[in-house]
Amino acid sequence: MTSGSETSGPDPIAALAVLGDESRRRLLEFVRRARRPVTREEASAAVGISRKLAAFHLDKLVASGLLEARHGGRGPRRVGRAPKVYEPSARSLSVSLPPRRHDLLASLLTEVLTAQKPGEDAREASLRVARARGEALGAGARDDDVTSTLESLGFEPADAGAGRTVLHNCPFHPVAAQAPELICGMNHAFLCGYLAASGHPGTTAVLTAHDDACCVELHTGE
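Okay, so let's go over this structure.

Rules behind the numbers
- Residues numbered from 1 in each chain as written.
- Predicted model: local features only at pLDDT ≥ 70, side-chain atom pairs only at ≥ 80, totals over all residues.
- Heavy atoms only, no water.
- Helix = DSSP H or I, 4+ residues; strand = E, 2+ residues; numbered from the N terminus.
- Buried < 20%, exposed > 50% of the residue type's maximum accessible area, 1.4 Å probe, protein only.
- Contact = heavy atoms within 4.5 Å.
- Areas by Shrake-Rupley, 256 points an atom, 1.4 Å probe, with all protein chains shown as cover.
- Phe/Tyr/Trp six-rings, centres within 6.5 Å; stacked < 30°, edge-to-face > 60°.
- Polar contact = N/O pair within 3.5 Å; in protein donor to acceptor, adjacent residues only side chain to side chain.
- Core = buried A, V, L, I, M, F, W, Y, C linked by side-chain atoms within 4.5 Å.

Moving on: the overall build of the chain. Tallying secondary structure elements over the chain gives nine helices and seven strands in all. In the chain, buried positions account for 39% of the 222 residues. Intrachain contacts of the chain at a sequence separation of at least 6 include 56% that bridge at least 24 residues. When the accessible surface of the chain is summed, it comes to about 12100 Å², and 52% of that surface belongs to carbon and sulfur atoms.

On to the packing of aromatic side chains, then. Using the criterion set out here, one finds one aromatic pair in the structure. With centroids separated by 6.2 Å and ring planes inclined at 75 degrees, the aromatic side chains of Phe155 and Phe172 adopt a geometry described as edge-to-face. Within this pair, whereas Phe155 is found in the loop between helix 7 (146-153) and strand 4 (157-161), its partner Phe172 is found in the loop between strand 5 (164-167) and helix 8 (175-178), the two being separated by 17 residues in sequence. For the pair Phe155 and Phe172, one class covers both residues: buried.

For Arg133, the location among the structural elements is in helix 6 (residues 122-140). Taking relative accessible area as the criterion, Arg133 reaches 7% and is therefore assigned buried. Of the polar contacts made by the side chain of Arg133, one reaches the side chain of Glu111; its length is 2.6 Å.

Next up on the list: unusual backbone geometry. Following His173, the chain continues to Pro174 via a peptide bond in cis, the omega torsion being 5 degrees. One can find Pro174 in the loop between strand 5 and helix 8. One non-glycine residue, Arg35, lies in positive phi territory at about 60 degrees. Structurally, Arg35 can be placed in the loop between helix 2 (22-34) and strand 1 (38-39). Positive phi outside glycine occurs at Ala162, with the angle close to 55 degrees.

Among the nonpolar cores identified, the biggest contains 29 residues, and Leu150, Phe155, Leu167, Leu191, Ala205 and Val216 are the most heavily contacted of them. Within the residue set of this core, elements represented by two or more residues are helix 5 (102-115), helix 6, helix 7, helix 9 (180-197) and strand 7 (216-220). For this core, the element with the highest residue contribution is helix 9, accounting for nine residues. Sequence-distant contacts of Leu191, defined by excluding residues within four places in its chain, comprise Leu150, Phe155, Leu167, Ala205 and Val216. In terms of nonpolar packing, the next biggest core, distinct from the first, is built from 17 residues, Leu28, Val38, Leu58 and Leu67 among them.

See below:
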């Protein structure tokens, strides 16, 4: 469930690969703890490696999205420029297998609490907001491939034959298991809104109980 306004973070798999090197992990920890921009010289001294090697690893961290770099430090100048400094990226990194989207669920629930209308109960508000969020996503992804969109949200869709698409992962588990009526209802409303606005009138979202998959299936051609 996304409004399209989420700030995309670093690719988690690529970031994990970068952090497989111990020196890079130590450099990242040092930069984060410093609470200020640090130079290559400071980083290399803190970790105990050469400046050249520190620069190589720091730039790998920048390329992965875990750090940001700019010229503006107060250390010794090289070729007339202020030294390059490094600081933590404002973006966050989250890895979950299977995919979980608790940040998006929290965002949606927060919107429900703050956007409830007079005379509207919590369930009515949750379904209205979830459908509107789905419609916003669908409008921005009109005529895009449904499977690709659902994969990007972590649903793991798979063709089950007879016009059925089973969503093998619930991105909102285990919260959905704790409050299935609320979360599954919101999920269904969100997907209904997405399908209605995305230009796929022949595909519908149907609440279908599964023990090991999402509570919603997609049916095509009904």
